[in-house]
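Examining the three-dimensional arrangement
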Amino acid sequence: MSRRLPWGAMARMTGRRALAAVPVLLAVTFAVFAVAAASPFDPVKAYAGTAGLTASQENLDQLRANLGVDRPLFTRWWDWIGHAVTGDLGDSSVMRRPVADVIAARIGWSALLAATAFLVAVALGTALGVLAARRRGGLLDRAVSSAAYTLEAAPAFWLGLLAIWFFALRLGALPAGGLTDTASDTVTAGQVAAHLVLPALVLGVSQLPWFFLYVRQGVGDALEEDPVRGARARGLAERTVLTGHALRSGMLPMLTLIGSRVPELITGALLVETVFSWPGIAAATVQAAVSADFPLLAALTVLATAAVLLGNLLSDLLYGLADPRVGFDG
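Residues numbered from 1 in each chain as written. Predicted model: local features only at pLDDT ≥ 70, side-chain atom pairs only at ≥ 80, totals over all residues. Heavy atoms only, no water.

The volume enclosed by the largest pocket comes to roughly 620 Å³. Elements with a contribution of two residues or more to the lining of the largest pocket: helix 5 (99-134), helix 12 (262-275), helix 13 (282-290) and helix 14 (294-322). Residue contributions to the lining of the largest pocket peak at 8 residues, all from helix 14. (1 Å grid on protein atoms, 1.4 Å probe; cavity = no way out; pocket = protein on both sides within 12 Å on 5 of 7 lines; lining within 4 Å. Points joined across faces, edges and corners; volume = space filled by probe spheres on them. Helix = DSSP H or I, 4+ residues; strand = E, 2+ residues; numbered from the N terminus.)

This is the structure in structure tokens:
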């Protein structure tokens, strides 16, 4: 008989985390406004562009008032919070569009890249980790472990440049970047899939070492435990012992990685998007930071912080479901 899911305890944990997230998000957004205000970049000059070089001080002051950057830091931040809770994220001074429109046009592509890369990292990391754990110290284990430790130190942008050189320039097998072919005026699923392969593989491979090492260690330790030895003594097939007993026990530590790897996944996605000219939020983030675009910076930071908090919550929920001894009320 299957165990009934503890929906009530899960809902209580989610509610507690949601309440705890409020002061965190408030503090993060205020820090963004404070850092942007202390930045040497002038949002007025960035907005005016080359016209600002010849504009009079009176015109620049008027533009500063129109953008609202002449007001005190706390006032700007509090006004933004008040509008944000109603769904109005303000207007981006660098994109010349509402912030909500900027995010809506880009977040889907970033989510597609991150989700695909995450699946690649989990699938390959789990498969290689299980194979290496079966014969720890063997040729496969030593080769993959050495590669994993090397990849841990390799920056995502360096892997991206290497992938472009080899697969796009040398072999000509995959496109080097962008979302569609250069001569294409329309976005098709086939073109998006082809252009997604390289950035998703690069981002996934950059995250793979941690999943591989956790699964290898967890499954390897589980194979030495008494329940697994007992299963083998009862004559169960090695595949059943591995997938039904050792893998389930060995995967528990890896569940904690889901939350802890989200910040690295976001950072890696920004670098990979830049290298492959992927039309996600990377370009918007860089432009917002350079131009001290307060509303866009705050919205993107809230988005990234919320993703990290959700990742931590998801890992805790999955761990609680996989191991009933942990529970959800602690």
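This is not the end of the story, as more comes after the structure.
With respect to the helices and strands, the residue T29 is situated in helix 1 (residues 7-38). With relative accessibility at 2%, the residue T29 sits in the buried group. (Buried < 20%, exposed > 50% of the residue type's maximum accessible area, 1.4 Å probe, protein only.)

Before going further, it helps to spend a moment on helix 5. An α-helical turn contains 3.6 residues, so any two residues separated by three or four positions project in the same direction. Helix length check: helix 5 (36 residues) gives 51 Å between terminal C-alpha atoms against 52 Å at 1.5 Å per residue, within 8%. Helix geometry: helix 5 is bent most strongly at R106, by close to 35°. (Expected span 1.5 Å × (residues − 1). Bend = angle between axes of the 7 residues up to and from the residue.)

A complete count under the given rule lists 1 salt bridge for this structure. When the shortest N-O distance is used, the salt bridge between R216 and D141 registers 2.6 Å. One end of the pair, R216, is in helix 8 (residues 189-222); the other, D141, is in helix 6 (residues 139-152), with 75 residues separating them in the sequence. For the pair formed by R216 and D141, the shared burial category is buried. (Salt bridge = Lys/Arg side-chain N within 4 Å of Asp/Glu carboxyl O.)

Time to look at unusual backbone geometry. Residue S277 is not a glycine yet carries a positive backbone phi of 50°. Of note, S277 is situated in the loop between helix 12 and helix 13.

This part takes up a nonpolar patch on the surface. Judged by side-chain polarity, F157, W158, L161, L162, W165, F166, F167, L169, L171 and L271 come together as a nonpolar surface patch covering roughly 990 Å² of accessible area. Looking at which element gives the most residues to the nonpolar patch, the answer is helix 7 (residues 156-170), with 8 residues. Residue position: L171 is located in the loop between helix 7 and helix 8. (Patch = residues over 30% accessible without salt bridge, like charges linked within 9 Å, V, L, I, M, F, W, Y side chains within 5 Å. Areas by Shrake-Rupley, 256 points an atom, 1.4 Å probe, with all protein chains shown as cover.)

To continue, consider the environment of D141. The class of D141 is buried, set by a relative accessible area of 3%. Placed 12 residues apart in sequence, D141 and G129 show a C-alpha to C-alpha distance of 8.4 Å. Contacts of D141, omitting those with residues within four sequence positions, involve A132, R135, R136 and R216. (Contact = heavy atoms within 4.5 Å.)

A separate point is the packing of aromatic side chains. Under the counting rule described, the total for this entry stands at 8 aromatic pairs. Here the aromatic rings of F30 and W77 are separated by 5.1 Å at their centres, their planes lie at 80°, and the arrangement is edge-to-face. Note that F30 is positioned in helix 1 and W77 in helix 4 (residues 73-84), a separation of 47 residues in sequence. Residue class for F30 comes out partly exposed when judged on its relative accessible area of 32%. A relative accessible area of 8% means that W77 is categorised as buried. With a centroid separation of 5.7 Å and an interplanar angle of 85°, the aromatic rings of F118 and F211 are classed as edge-to-face. Separated by 93 residues along the polypeptide, F118 in helix 5 and F211 in helix 8 bring together distant segments of the chain. With relative accessibility at 24%, the residue F118 sits in the partly exposed group. The exposure class assigned to F211 is buried, which follows from its relative accessible area of 1%. Through pairs of rings, three or more aromatic residues link up here, namely F30, F74, W77 and W78. (Phe/Tyr/Trp six-rings, centres within 6.5 Å; stacked < 30°, edge-to-face > 60°.)

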